[in-house]
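Listed here are the chains, written in short residue letters.
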Amino acid sequence: MPTQHENWMQLALKEAERAYALNEVPVGALIIHQNKIIAKGFNQIEKLQDPTAHAEMIAITAAASHLQSRRLEGCTMYVTLEPCPMCAGAIILARIPTLVFGTFDPKAGACGTLFNLTADKRLNHHPHVISGVLDVQCEALLKSFFKEKRKANS
C-alpha cells in the first residue's frame, strides 16, 4: 500500500509529465498545506524563456499567493528531482518545514548531493528533508526525456 508521501509524489510526477509534454525537463512540484494541494508547478524554462522558471519556484510563488504570505509555514513541498541551489535557497527563504524529493541530482543537487544547503547550520532555517520517494519512477522519466533529446540530436 502506498504511503502518503508516495501518493503526493505520484501527483508531482503528473506535473513532471506536463513538462515532458511541452519538451521541458520533466520536473514537477506541489505544495501541501493542511492535507490539501495549494500549489503546483512544473518546469517552464523554455516556454517562458526564464532561467528561474523551475517547478519549485513556480509552486512557491503560487503557494505564497494562496496563503497571502511569504512564509510557507505548515507546508510540505514534494518535488520529483532534488532541488538545485536556487530552489533550495527559495525553500529555505519560504520557511517550508518539510521537503520531500524523488531522485537525487548529481549535476546540481543542493539538498545532499553536491551541496547541502538545507542542512547548513549557518542558515536560519533547516527544512526536514526526505529523499528517494518514488526515486525509480522520477529517475526513469528524466532518463527517458534525455534519451529522446540525445536521439533527436544525433
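Let me begin by describing the structure that accompanies this report. Here the residue index of a chain counts from 1 through its sequence in written order. Local features are withheld for residues below a pLDDT of 70 in this predicted model, meaning they are given only at 70 or higher, and side-chain atom pairs are given and counted only at 80 or more; totals for whole chains, interfaces and linings count all residues. Hydrogen atoms and water are omitted, and side-chain values are computed over all heavy atoms in the structure.

Okay, the overall build of the protein next. Helix and strand definitions here come from DSSP, where helices need a minimum of 4 consecutive H or I residues and strands a minimum of 2 consecutive E residues; each element is numbered from the N-terminal end. Counting its secondary structure elements, the protein contains five helices and five strands. Along the chain direction, N to C, the helices and strands of the protein fall in the order α-β-β-α-α-β-α-β-β-α. At 15 Å, the protein has a C-alpha radius of gyration in line with the 15 Å of a compact globule built from 154 residues. Expressed along its principal axes, the backbone C-alpha trace of the protein runs to roughly 45 × 40 × 30 Å. Whether a residue is buried, partly exposed or exposed follows from its accessible area with a 1.4 Å probe, protein chains only, as a fraction of its type maximum: under 20%, in between, or over 50%, in that order. Buried residues in the protein amount to 45% of all 154 residues. Whether two residues are in contact is decided by their heavy atoms, any of which lying within 4.5 Å being enough. Pairs at least 24 apart in sequence give 58% of the contacts found in the protein among residues at least 6 apart. The reference for a compact globule is 2.2 Å times residues^0.38; the radius of gyration itself is calculated from the C-alpha atoms.

Turning our eyes to something else, we now look at the sheet that holds strand 3 (residues 75-81). Only strands that DSSP links by at least two bridges are regarded as paired with each other. Strand order in the open sheet formed by five strands is 2-1-3-4-5, with mixed pairing between adjacent strands. In this open sheet, the two edge strands, each paired with only one partner strand, are strand 2 (36-42) and strand 5 (128-130). Sheet twist, expressed as the mean angle between neighbouring strand axes with direction ignored, is 20°. Note: strand 3 against strand 4 (residues 98-103), five bridges, orientation parallel. Note on strand 4: the bridge partner recorded for M77 is L99. Interaxial angles span 0 to 180 degrees and are taken between N-to-C directions of axes, which are lines fitted to C-alpha atoms, for helices over the stretch in contact.

It is worth spelling out the pairing of strand 3 at this point. Counting buried positions along strand 3 gives seven out of seven residues, so the element sits mostly inside the fold. Sheet analysis places strand 1 (residues 28-33) next to strand 3, joined by five bridges and oriented antiparallel. Directly across from I32, in strand 3, lies its bridge partner T76.

Geometry of aromatic contacts follows a simple scheme: Phe, Tyr and Trp rings, the Trp one being its six-membered ring, pair when their centres are within 6.5 Å, and the pair is stacked under 30 degrees between planes, edge-to-face over 60, tilted otherwise. What the rule picks out here adds up to four aromatic pairs. Measuring from ring centre to ring centre gives 6.4 Å for W8 and Y78, while their planes differ by 40°; the resulting arrangement is tilted. Of the two residues, W8 is situated in helix 1 (residues 4-21) and Y78 in strand 3; the sequence distance between them amounts to 70 residues. You'll find W8 and Y78 in the same group, each marked buried. On the numbers, 5.4 Å between centres and 80° between planes, the contact of Y20 with F145 is edge-to-face. With Y20 in helix 1 and F145 in helix 5 (residues 135-153), the pair connects residues that are 125 residues apart, well separated along the chain. On the basis of relative accessible area, Y20 is assigned to the buried category, the value being 19%.

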